[in-house]
Amino acid sequence: MGKSCCVTDCKNRFNKESDLSFYRLPKAKEKRSKWIAAIRRNNWNPGSETWICSCHFVSGKKSDDPLHPDYVPSLFSFTSKTDRTRAVKNLERYQRFREVSVKRFVSANTSKELAATALMNLYQSSTLKKEVQMVEIQGTEVQTVEVQGTEVQTVEVQGTEVQTDETHSDIASLHEQIKSLNSECQSLREKVHELESELKLHVLDPSQFDDSKIKFFTGLPSLQTFMLLFSSVSSVVPVTTKHSLKPTQELLLTLMKLRLNLSEEFLGHLFRIHQSTVSRILRRWIHVRGAFNSLK
């Protein structure tokens, strides 16, 4: 039986001459559930040979990265123009994030290679100087002089002292190069910290949302309603000295969990925090869960 797309209103079928790709629904339970929910077919229990075509992914192919917009298909006949535009912008944002990550990785490895090269040059220079000294010593002139009836052989080692001075000078120069490299590495580390700080600014924050986004992620009708709810419940949330997120972001995370039933791992990716931190936030806000029951 040929492959055909399982999405309602999609007539695409596998054709060798077509550029379309077809993907089986994932076997992993959590990811499979998200795909099924996204496709929105009533009373549907797909089998192991159920396929979806690449038309339903923003980039034209699926992704195994939970942060990628195409981790779950999102383009369907019922997808609004606003949601389609948002999906494209999310893809662009993800690609910029990947470019920054790659540049940071390349910079860090370039610094390591420069340091390794400097150390290798130091070793080779030291070895070469020693070999030159041995050759000069072996080629020196041996003179015999008589001291009070005793013959004494003396060896003239010409240029040895000068050669040793040059070797010390080269080593000192290499030490200066290593210091310079260490300084450059420190500068790169500081730039990495700056980039990480900039990335944190792109963490989900309700202040950046319009009313439509607030409604989608939380079920609340507007940002103003969200802030009123925060004012009402923030006083009863247990106080903690360690905050990875702002209190309004913690409320947003909790509402997204209740509204969309997202996994703690995925919420951690969205908010740039560890899964254990997500768990602690949810436990702390569970005391005011009664205020959210209407959103389920």
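Figured I'd write up the structure that's included with this text.

With that settled, consider the overall build of the chain. Each helix and strand counted, the chain has eight helices and four strands in total. Counting from the amino terminus, the chain carries its helices and strands in the arrangement β-α-β-α-β-β-α-α-α-α-α-α. Of all 296 residues assigned to the chain, the portion counted as buried reaches 32%. When the accessible area of the chain is evaluated, it comes to approximately 19,700 Å², of which 52% is carbon and sulfur surface.

It is worth spelling out helix α4 (residues 211-218) at this point. Here α4 has its buried residues at Ile-214, Phe-217 and Thr-218. Buried residues of α4 fall within an arc of 80° about the axis and therefore sit on the same side. In the core, the buried residues of α4 are packed alongside α5 (223-233) and α6 (247-260). Looking one or two places after α4, you find Gly-219, whose phi comes out positive at around 90°.

Another aspect to go through is the nonpolar core. Leu-253, Met-256, Phe-271 and Trp-285 are the most contacted members of the largest nonpolar core, which has 27 residues in total. In terms of residues, this core owes the most to one element, α6, which gives five residues. In contact with Phe-271, not counting residues within four places along its chain, are Val-203, Leu-204, Leu-245, Gln-249, Leu-252, Leu-253 and Met-256. With 18 residues, the next largest nonpolar core counts Leu-25, Ala-38, Trp-44 and Phe-57 among its residues.

By the element assignment, Leu-245 lies in the loop between α5 and α6. Through-space distance from the C-alpha of Leu-245 to that of Phe-271 is 8.2 Å; in sequence the pair is 26 residues apart. Residues within four places of Leu-245 in sequence aside, it is in contact with Val-203, Glu-250, Leu-253, Phe-271, Ile-273 and Ile-281.

Let us now look at the pattern of salt bridges. Tallied over the full model, the rule gives six salt bridges. A salt bridge links Asp-83 to Arg-86, with the nearest nitrogen and oxygen atoms 2.5 Å apart. Taken together, the residues Asp-83 and Arg-86, both in helix α2 (residues 81-138) and three residues apart, mark about one turn of the helix. Between Arg-284 and Glu-250 there is a salt bridge whose closest N-O contact spans 2.5 Å. Here Arg-284, found in helix α8 (residues 275-285), pairs with Glu-250, found in helix α6; they are 34 residues apart in sequence, far enough to count as distant. On the accessibility criterion, Arg-284 (13% relative accessible area) is buried. Classification of Glu-250 by relative accessible area gives buried; the value is 2%.

Positioned with a positive phi, Asp-9 is a non-glycine residue whose angle comes to about 75°. For Asp-9, the position within the fold is in the segment before β1 (22-24). Residue classification places Asp-9 among the exposed residues on the basis of a relative accessible area of 60%. You will see that Asn-261, though not glycine, has its phi angle at about 55°, which is positive. Mapping Asn-261 onto the fold places it in the loop between α6 and α7 (264-271).

What follows is about the packing of α6 against α8. Direction vectors running N to C along α6 and α8 enclose 90°, while the axes themselves pass 10 Å from each other. Here α8 runs roughly perpendicular to α6, going by the angle between their axes. Contact residues: α6 offers Pro-247, Glu-250, Leu-251, Leu-253, Thr-254 and Lys-257, while α8 offers Val-278, Ile-281, Leu-282, Arg-284 and Trp-285. Taken together, the residues of the contact of α6 with α8 break down into seven nonpolar, one polar and three charged.

Once that is clear, we can look at the state of the cysteines. Working definition of a disulfide: a covalent bond connecting the sulfur atoms of two cysteines. Taken as a whole and assessed by the stated rule, the structure comprises zero disulfides. Left without a disulfide partner, Cys-10 is nearest to the cysteine sulfur of Cys-5, which lies 3.6 Å away. In this structure Cys-10 comes out as buried when scored by relative accessible area, which is 14%.

Attention now moves to the side chain of Lys-31. Tracing the backbone shows Lys-31 in helix α1 (residues 29-39). Relative accessible area serves as the criterion here: at 10%, Lys-31 is assigned to the buried category. Sequence-distant contacts of Lys-31, defined by excluding residues within four places in its chain, comprise Pro-26, Ser-63, Asp-64 and Tyr-71.

This next bit is on the packing of aromatic side chains. Going through the model one piece at a time under the given rule, you end up with six aromatic pairs. Considering the side-chain rings of Tyr-23 and Phe-57, the 5.6 Å spacing of their centres and the 85° angle between planes classify their relative orientation as edge-to-face. Of this pair, Tyr-23 sits in strand β1 while Phe-57 sits in the loop between β2 (51-53) and α2; the two residues are 34 residues apart in sequence, bridging distant segments of the chain. Take Tyr-23 and Phe-57: they sit in the same class, and that class is buried. One aromatic cluster in this structure is built from Tyr-23, Trp-35 and Phe-57. The side chain of Lys-3 reaches across the aromatic face of Phe-14, ending 5.1 Å from its centre.

Criteria and cut-off values
Residues numbered from 1 in each chain as written. Predicted model: local features only at pLDDT ≥ 70, side-chain atom pairs only at ≥ 80, totals over all residues. Heavy atoms only, no water. Helix = DSSP H or I, 4+ residues; strand = E, 2+ residues; numbered from the N terminus. Buried < 20%, exposed > 50% of the residue type's maximum accessible area, 1.4 Å probe, protein only. Areas by Shrake-Rupley, 256 points an atom, 1.4 Å probe, with all protein chains shown as cover. Arc of directions from axis to C-beta. Contact = heavy atoms within 4.5 Å. Core = buried A, V, L, I, M, F, W, Y, C linked by side-chain atoms within 4.5 Å. Salt bridge = Lys/Arg side-chain N within 4 Å of Asp/Glu carboxyl O. Axes fitted to C-alpha atoms, helices over the stretch in contact; angles between N-to-C directions. Parallel < 35°, antiparallel > 145°, perpendicular 65-115°, else oblique. Nonpolar A, V, L, I, M, F, W, Y, C, P; charged D, E, K, R; others polar. Disulfide = S-S within 2.5 Å. Phe/Tyr/Trp six-rings, centres within 6.5 Å; stacked < 30°, edge-to-face > 60°. Lys NZ or Arg CZ within 6 Å of the ring centre and 35° of its normal.

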